[in-house]
Amino acid sequence: MTTTAAERRTTERIPVATIANGHTLDLVVHTIEGDAEGPRLGLIAGIHGDEPLGVETVRRFVDELGSFRGRLVVMPVANPYAFQALTRNTPLDMNNLNRVFPGARDGMLTEQLAATIVETLLPRIDYLVDFHSGGNLATVDYVYLHDQSGLAEAFGCEILFRGPSYEGSLGDYARSNGVPTVVSELGGGQQRNEHYVQKGVRGTLNVMRKLDMLDGEPEVPERQVVLDEMVVLRPHEGGLMLSNVDATRLGEQVPRDFELARIVNPYTFETLERITAPYDPTLLVLVREPVTKVDPGDYGFILANGATAKPV
Ligand SMILES: [Zn+2]
């Protein structure tokens, strides 16, 4: 009788620190053995606490997976206090976990988390998928292309971004230590949740097919493009952002100077800023719904230069 991966897992709690409230902060790691020899694949989500879609994607993946070759090592929530508060950064020290790798055992709490992840996850795996999304108010759809492993292409997003990787991110550190890493950016903003969970599950199955942990070839979309030029458009002004492009428009192109959004002062109703498309054409990679609160310097949009798009 075949069993699901969820039924074959062993679960550990790795202590990080005692919190002043008396609770122990620990990280939960599942190990799931396959039916035959094969590579060791790590899955991690929740490095940013305001990205619960990745957490659910990992849970769903483990819940639905049947037999495979190799081993899975799964950390579903990498920053539990940030997840609890739905914040990008760790509430206790306000640091961004994905900028402090490899961390430090005697550093700030966020650095202690990073060090624990580096010590307990990386030695156990050959490859890694790191799940991210657009946070509480934005929706995103792409995957980073940062190494030659072929895994990012196999993951199956339509848009691959070959820009520099952030120093201090887990992906950057893992790759520099010989662990090819796929960093997916899917969903967020509570838009199209089921669509993006399924896309992330399919992407992870594709990675396992590429690594011969599963039979078959990766199922990738007909059109995939690699982009070299992308901008995070951060508004100068805060207030209400009234966007003209919602999550159903992700992957579409708009002409240069198209008005993507305006920011209005919710107190005086005056328009503070207009955000227009910078490229011709501009490809929509991260967008917000028609009405969201925005702070100066927030992730307003991620936009790619459609003219730089090359086939995979
Ligand atoms: Zn993230």
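Can you walk me through the overall build of the chain in this structure?
Counting secondary structure elements, the chain contains six helices and 18 strands. A globule of 312 residues ought to have a C-alpha radius of gyration of about 20 Å, and the chain, at 20 Å, matches this closely. C-alpha atoms of the chain, sized along the principal axes, occupy 60 × 50 × 35 Å. Burial status across the chain gives 53% buried among its 312 residues.

How do you make sense of the coordination of the zinc ion when you look at a structure like this?
Expected angles at a metal are 109.5 degrees for tetrahedral coordination by four donors and either 90 or 180 degrees for octahedral coordination by six donors. The coordination sphere of the zinc ion contains the protein donors His48 (ND1), Glu51 (OE), Glu51 (OE) and His132 (ND1), at a distance range of 2.0 to 2.4 Å. Here the zinc ion is ringed by four donor atoms whose angles at the metal span 55 to 144°, and the overall shape comes out irregular. Each donor residue of the zinc ion lies on the same chain, and together they follow the pattern H-x2-E-x80-H. With His48 in the loop between strand E3 (36-45) and helix H1 (52-64) and His132 in strand E5 (residues 127-132), the pair connects residues that are 84 residues apart, well separated along the chain. Assigned by exposure class, His48 and His132 land together as buried.

Before we go on, may I ask you to explain the packing of H1 against helix H6 (residues 193-210) in this structure?
Two elements in contact, H1 and H6, have axes separated by 9 Å at closest approach and are oriented at 55°. Judged on the interaxial angle alone, H6 and H1 are oblique. The two elements H1 and H6 cross, and the hand of that crossing is right-handed. Every residue of H6 that contacts H1 at Leu53, Glu56, Thr57, Arg60, Phe61 and Glu64 is listed here: Asn193, Glu194, Tyr196, Val197, Gly200, Val201, Thr204, Leu205 and Met208.

Can you walk me through the packing of aromatic side chains in this structure?
Two aromatic rings, taken as a pair, are described by how far apart their centres are and by the angle between their planes. For the coordinates displayed, the defined rule picks out three aromatic pairs. Taking the centre distance of 6.5 Å and the plane angle of 75° together, the rings of Tyr142 and Phe161 count as edge-to-face. In this pair, Tyr142 sits in strand E6 (residues 138-144) while Phe161 sits in strand E7 (residues 159-161), placing the two residues 19 residues apart along the sequence. Residue Tyr142 is classed as buried on the basis of its relative accessible area, which comes to 3%. Among the residues examined, Phe161 registers a relative accessible area of 9% and is labelled buried. Aromatic pair Tyr144 and Phe161: ring centres 6.0 Å apart, planes at 50°, arrangement tilted. Of this pair, Tyr144 sits in strand E6 while Phe161 sits in strand E7; the two residues are 17 residues apart in sequence, bridging distant segments of the chain. For Tyr144, a relative accessible area of 11% corresponds to the buried category.

Just to check I follow, could you spell out the pattern of salt bridges for this structure?
When the charged atoms of two side chains with opposite charge come close together, those side chains can pair. Applying the stated rule across the entire model yields 20 salt bridges. For Arg69, the salt bridge identified is with Asp215, shortest N-O distance 2.8 Å. Placement of Arg69 in strand E4 (residues 69-75) and of Asp215 in the loop between H6 and strand E9 (225-227) is noted, with a sequence separation of 146 residues between them. Classification of Arg69 by relative accessible area gives partly exposed; the value is 25%.

Mind showing me how you'd approach the sheet that holds strand E14 (residues 271-276) here?
Hydrogen bonding along the main chain pairs the strands of a sheet, whether they run parallel or antiparallel. With antiparallel pairing, the four strands of this open sheet are ordered in space as E14-E13-E11-E16. Every other strand in the sheet has two partners, leaving E14 and strand E16 (291-294) as the edge strands with one partner each. Here the average twist between neighbouring strands, direction ignored, is 25°. Across five bridges, the pairing between strand E13 (residues 259-264) and E14 is antiparallel. From the neighbouring strand, Val264 faces E14, where its bridge partner is Thr271.

Any chance you could explain the nonpolar core here in plain terms?
For soluble globular proteins, nonpolar side chains are generally found buried alongside one another. Counting 51 residues, the largest nonpolar core has Leu41, Phe68, Leu72, Met208, Leu260 and Phe301 as its most contacted members. In this structure Phe68 touches Ala5, Arg8, Ile32, Glu33, Gly34, Asp35, Ala36, Met208, Met213 and Leu214, once residues within four positions along its chain are discounted. If you look at the next biggest cluster of nonpolar residues, it comprises 28 residues, including Val16, Ile19, Ile44 and Leu121.

I'm lost on the side chain of Ser169 in this one. Help?
Along the chain, the position of Ser169 falls in the loop between E7 and helix H5 (170-176). Among the polar contacts listed, one links the side chain of Ser169 to the backbone oxygen of Tyr166, at a separation of 2.7 Å. With residues up to four places along the chain from it excluded, the contact list for Ser169 reads Asn98, Arg99 and Phe101.

Analysis parameters
Residues numbered from 1 in each chain as written. Predicted model: local features only at pLDDT ≥ 70, side-chain atom pairs only at ≥ 80, totals over all residues. Heavy atoms only, no water. Helix = DSSP H or I, 4+ residues; strand = E, 2+ residues; numbered from the N terminus. Rg over C-alpha atoms; globule rule 2.2 N^0.38 Å. Buried < 20%, exposed > 50% of the residue type's maximum accessible area, 1.4 Å probe, protein only. Donors = N, O, S within 2.8 Å, 3.2 Å for Na, K, Ca; no water. Tetrahedral: all angles 85-135°; square planar, octahedral: opposite > 155°, others 65-115°. Axes fitted to C-alpha atoms, helices over the stretch in contact; angles between N-to-C directions. Parallel < 35°, antiparallel > 145°, perpendicular 65-115°, else oblique. Left-handed = near helix turned anticlockwise from the far one by under 90°. Contact = heavy atoms within 4.5 Å. Phe/Tyr/Trp six-rings, centres within 6.5 Å; stacked < 30°, edge-to-face > 60°. Salt bridge = Lys/Arg side-chain N within 4 Å of Asp/Glu carboxyl O. Pairing = 2+ DSSP bridges. Core = buried A, V, L, I, M, F, W, Y, C linked by side-chain atoms within 4.5 Å. Polar contact = N/O pair within 3.5 Å; in protein donor to acceptor, adjacent residues only side chain to side chain.

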